[in-house]
Amino acid sequence: FFQKTLNAVKSWFTLFGWSKGQNPISIPHSLRCDVCIVQLTIAQEKTFKRRADKDKGFYDTLLHLNGQAIPGIAASQSLPRDPVERMFQLHWQCSELLSFLKSKGAYLPHVMPEFLLSPEDYVLWTEVNTGLRRGSMRSSGKLSSKRIFVLDNRTFETMSKRAWMDVLLQMYKVFVLPRVSSRLVPDPSSLESLQNMPGIKSEPLCSNIYSRYERAVLIWLNKHYEKNRKIVWKDSQRGGIPPMRWIVNFDQDLLDGLVLAAQVAAYCPYLIPTHFIKMYTDPQTNEQFLHNSLILVKALHAISLDIDIKV
């Protein structure tokens, strides 16, 4: 499940996360490098030499999606030559990144700044904070007062991958989803057939699972599915018109492809006779679910919405 989520996040940010077109990323490897875009004049520090005007860094996507830089962190800066001092500065930058995202509404209590560091800097961080390595005098006041998690290399890589994936997911939630205008989501009660169905409230505090913007998308899904199910599949030979349903999540309720097909049909009705009419409206077997997914992906390709979604 997490690997599929990781692949989806990687695809979206590769395609849409940058101001200058597509930029392939890897999670967490390229992000751990990009989070510290620096320009050093020290010749022997080639490992840490980056050109901010040439390479696309993590802060570029943050600025692209949010339109606002993190206060106190410049797009191009120099890191200290001393490895311990450099590690502390990168740890501070990661702390500021998390604080900035949390101030925007991101939910990241489980992500610690050290999990966003490179493996080498993480080892330095644990050694300094556990007393195995003595830092410089300037770093002596920066020791962590929180619990120290000393992880082996394999466990750290797993934790780092999960941490960066959650950072990107929360960035999408707080920077992209709020662009959904409530004016574009008609009141579901305007549909007579939805009046007897429990509504989904968009008020900020009515759910501890989904944000108001995610609930706005759920309202949109319910509206278009109910409006279009009798139109898209009125002549269906593979199950007839599908029954009414209440869509309350983004996984289980979308598995059969019908809800997503109804959304696409709302904007591209010409796909109904060529694609969606061939879907099973009451799929029972794995083969029928696969069949519906194949049709949906082919429909996306037909309108050139090729965002690398696997069946």
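Residues numbered from 1 in each chain as written. Predicted model: local features only at pLDDT ≥ 70, side-chain atom pairs only at ≥ 80, totals over all residues. Heavy atoms only, no water.

**Quick word on the overall build of the protein**
Assigned secondary structure in the protein consists of ten helices and zero strands. Each helix and strand of the protein, placed in order from N terminus to C terminus, yields the pattern α-α-α-α-α-α-α-α-α-α. Looking at the protein residue by residue over its 311 residues, the buried ones come to 42%. The contacts in the protein between residues at least 6 apart in sequence include a share of 64% that link residues at least 24 apart. In the structure as shown, the protein presents an accessible area of about 17,700 Å², 55% of it carried by carbon and sulfur atoms. (Helix = DSSP H or I, 4+ residues; strand = E, 2+ residues; numbered from the N terminus. Buried < 20%, exposed > 50% of the residue type's maximum accessible area, 1.4 Å probe, protein only. Contact = heavy atoms within 4.5 Å. Areas by Shrake-Rupley, 256 points an atom, 1.4 Å probe, with all protein chains shown as cover.)

**What to know about the pattern of salt bridges**
Side-chain pairs of opposite charge can arise where the charged atoms are in close proximity. This structure, assessed with the given rule, holds three salt bridges. A salt bridge links Asp 166 to Arg 162; the shortest N-O distance between them is 2.9 Å. Highlighted residues: Asp 166 and Arg 162, both in helix 6 (residues 153-176), separated by four residues, approximately one helical turn. Exposure remark for Asp 166: the relative accessible area of 8% places this residue in the buried category. The class of Arg 162 is partly exposed, set by a relative accessible area of 35%. Among the ionic pairs, Asp 256 bridges to Arg 245, the shortest N-O distance being 2.6 Å. In this pair, Asp 256 is assigned in the loop between helix 7 (212-232) and helix 8 (258-267) and Arg 245 in the loop between helix 7 and helix 8, connecting sequence segments eleven residues apart. (Salt bridge = Lys/Arg side-chain N within 4 Å of Asp/Glu carboxyl O.)

**Here's the deal with the nonpolar core**
Core analysis: the largest hydrophobic core is formed by 42 residues, its most contacted members being Phe 58, Leu 62, Leu 101, Leu 116, Val 167, Leu 168 and Met 171. For this core, the elements supplying multiple residues, two or more each, are helix 1 (2-16), helix 3 (58-66), helix 4 (83-103), helix 5 (119-129) and helix 6. With ten residues, the single largest contributor to this core is helix 6. In this structure, Val 167 is in contact with Phe 58, Leu 98, Leu 101, Leu 108, Val 111 and Leu 116, ignoring residues within four places of it in sequence. (Core = buried A, V, L, I, M, F, W, Y, C linked by side-chain atoms within 4.5 Å.)

**So, the packing of aromatic side chains**
Counted under the stated rule, the structure contains eight aromatic pairs. Taking 4.3 Å as the distance between ring centres and 15° as the angle between the ring planes, the aromatic pair formed by Tyr 122 and Phe 156 counts as stacked. With Tyr 122 in helix 5 and Phe 156 in helix 6, the pair connects residues that are 34 residues apart, well separated along the chain. Summarising the burial analysis for this pair, Tyr 122 and Phe 156 share the class buried. Feature note: the residues Trp 12, Phe 13, Phe 16 and Tyr 172 constitute an aromatic cluster, connected by ring pairs. A cation over an aromatic ring shows up here: Arg 238 above the ring of Tyr 280, its NZ or CZ 5.2 Å from the ring centre. (Phe/Tyr/Trp six-rings, centres within 6.5 Å; stacked < 30°, edge-to-face > 60°. Lys NZ or Arg CZ within 6 Å of the ring centre and 35° of its normal.)

**Regarding the side chain of Ser 236**
Along the chain, Ser 236 falls in the loop between helix 7 and helix 8. What makes Ser 236 buried here is its relative accessible area of 11%. Separated by 3.1 Å, the side chain of Ser 236 and the backbone nitrogen of Arg 238 make a polar contact. Beyond its immediate chain neighbours, meaning those up to four positions away, Ser 236 contacts Ile 277, Met 279 and Thr 281. (Polar contact = N/O pair within 3.5 Å; in protein donor to acceptor, adjacent residues only side chain to side chain.)

**What to know about the packing of helix 7 against helix 8**
Between helix 7 and helix 8, whose axes approach to 8 Å, the crossing angle comes to 80°. It follows that helix 7 is roughly perpendicular to helix 8 by the angle criterion. Residues Trp 220, Leu 221, His 224, Tyr 225, Asn 228 and Val 232 of helix 7 lie in contact with helix 8, whose contacting residues are Leu 258, Val 259, Ala 262, Gln 263, Ala 265, Ala 266 and Tyr 267. A breakdown of the residues in the contact of helix 7 with helix 8 according to their chemical character gives ten nonpolar, three polar and no charged. (Axes fitted to C-alpha atoms, helices over the stretch in contact; angles between N-to-C directions. Parallel < 35°, antiparallel > 145°, perpendicular 65-115°, else oblique. Nonpolar A, V, L, I, M, F, W, Y, C, P; charged D, E, K, R; others polar.)

**Details of the confidence of the model for the protein**
On average, residues of the protein carry a pLDDT of 80, and 76% of them reach 70 or more. This stretch, residues 37-56, has a pLDDT under 50; its non-local contacts, to residues over four places away or in other chains, come to 41 contacts. For residues 135-141, every residue scores under 50 in pLDDT, and the model assigns this stretch seven contacts once sequence neighbours within four places are set aside. (pLDDT = per-residue confidence, 0-100.)

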